[in-house]
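What follows is the residue order along each chain.
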Amino acid sequence: IREAVVAALPAPRLAAHHLALGVALEQAGHAEVEALARHFREGKDVARARRYTLLAAEKASKALAFMRAAHLYREALELDRNAEDAWLVERKVADSLCNGGRGGEAWKVYRSAARIAPRADARDLERLAAEHACRTGHIDEGLALFREVTRAHGIRMATSPAEALISLLARRAVVRVRGLSFTERKESDVPREQLQ
């Protein structure tokens, strides 16, 4: 009976009922965040729907339900792809996929997040994409990404095993001449790009 009644409701009226339910559950203070997210999503209140979807994703992640968390983060992205923190949400999708053993999917999501992230954060996301691509057997794609990342930091990767061996021997000679002593500094004293 419920399904028949709901199916007969016009879309605007159904959205209004969902919104009213969402508001009532929110005011009650003990509703499940996923239920709130669903009602606000169906009620066309995008801001609240996104907020509760992100809360539900965090809850799923803390409960080690990583694939559920990835799904919920993706729902939050669909609600507002132009949000200022969209790249952070996309990174959380990738992190959840990695934690769920889906690194083969995650590296592509890291790469996608890097395209919309601020420049300093994009490099870290590209590094994660390269790392997970290589870990999951996408060696050619991973090496290409590593070349982009290292080039951005002014480091050139060897193109052949012989070149890598020569580079290794040259760097060992420099270390032998320079020595292993150093002056310890606080992390906050080192520029972020140098840390990366």
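Nothing here was measured: the structure is a model prediction, and the numbers come from that model.

1. Observations concerning a nonpolar patch on the surface
Now for step 1: Taken together, the side chains of Leu 165, Leu 168 and Leu 169 present a nonpolar region at the surface, about 280 Å² in accessible area.
Now for step 2: Structurally, Leu 169 is set in helix α10 (residues 161–178).

2. Looking at the nonpolar core
General note: in soluble globular proteins, nonpolar side chains tend to be found buried as a group.
Now for step 1: Within the largest apolar cluster, 36 residues are counted, with the highest numbers of intra-cluster contacts made by Tyr 52, Tyr 73, Val 89, Val 93, Leu 97, Tyr 110 and Leu 125.
Now for step 2: Within the residue set of this core, elements represented by two or more residues are α3 (33–42), α4 (46–62), α5 (66–79), α6 (86–99), α7 (103–116) and α8 (119–135).
Now for step 3: Excluding its chain neighbours within four sequence positions, the residues that come into contact with Val 89 are Arg 50, Leu 54, Tyr 73, Ala 76 and Leu 77.

3. Some thoughts on helix α2 (residues 11–28)
Now for step 1: Taking 1.5 Å per residue, 18 residues should reach 26 Å; α2 reaches 26 Å between its end C-alpha atoms and fits that length.
Now for step 2: Of all the residues in α2, the buried ones are Ala 15, His 18 and Gly 22. What you see down the axis of α2 is that its buried residues fit within an arc of 60 degrees, all on one side.
Now for step 3: Of the surrounding secondary structure, the elements contacted by the buried residues of α2 are α3.
Now for step 4: The first or second residue beyond α2 is Gly 29, which carries a positive phi of 80 degrees.

4. Brief notes about the side chain of Thr 150
Now for step 1: Residue position: Thr 150 is located in helix α9 (residues 139–152).
Now for step 2: Here the side chain of Thr 150 touches Arg 147 through a polar contact of 3.1 Å, landing on its backbone oxygen.
Now for step 3: In this structure Thr 150 touches Ile 155 and Met 157, once residues within four positions along its chain are discounted.

The rules behind each value
Residues numbered from 1 in each chain as written. Predicted model: local features only at pLDDT ≥ 70, side-chain atom pairs only at ≥ 80, totals over all residues. Heavy atoms only, no water. Patch = residues over 30% accessible without salt bridge, like charges linked within 9 Å, V, L, I, M, F, W, Y side chains within 5 Å. Areas by Shrake-Rupley, 256 points an atom, 1.4 Å probe, with all protein chains shown as cover. Salt bridge = Lys/Arg side-chain N within 4 Å of Asp/Glu carboxyl O. Helix = DSSP H or I, 4+ residues; strand = E, 2+ residues; numbered from the N terminus. Core = buried A, V, L, I, M, F, W, Y, C linked by side-chain atoms within 4.5 Å. Buried < 20%, exposed > 50% of the residue type's maximum accessible area, 1.4 Å probe, protein only. Contact = heavy atoms within 4.5 Å. Expected span 1.5 Å × (residues − 1). Arc of directions from axis to C-beta. Polar contact = N/O pair within 3.5 Å; in protein donor to acceptor, adjacent residues only side chain to side chain.

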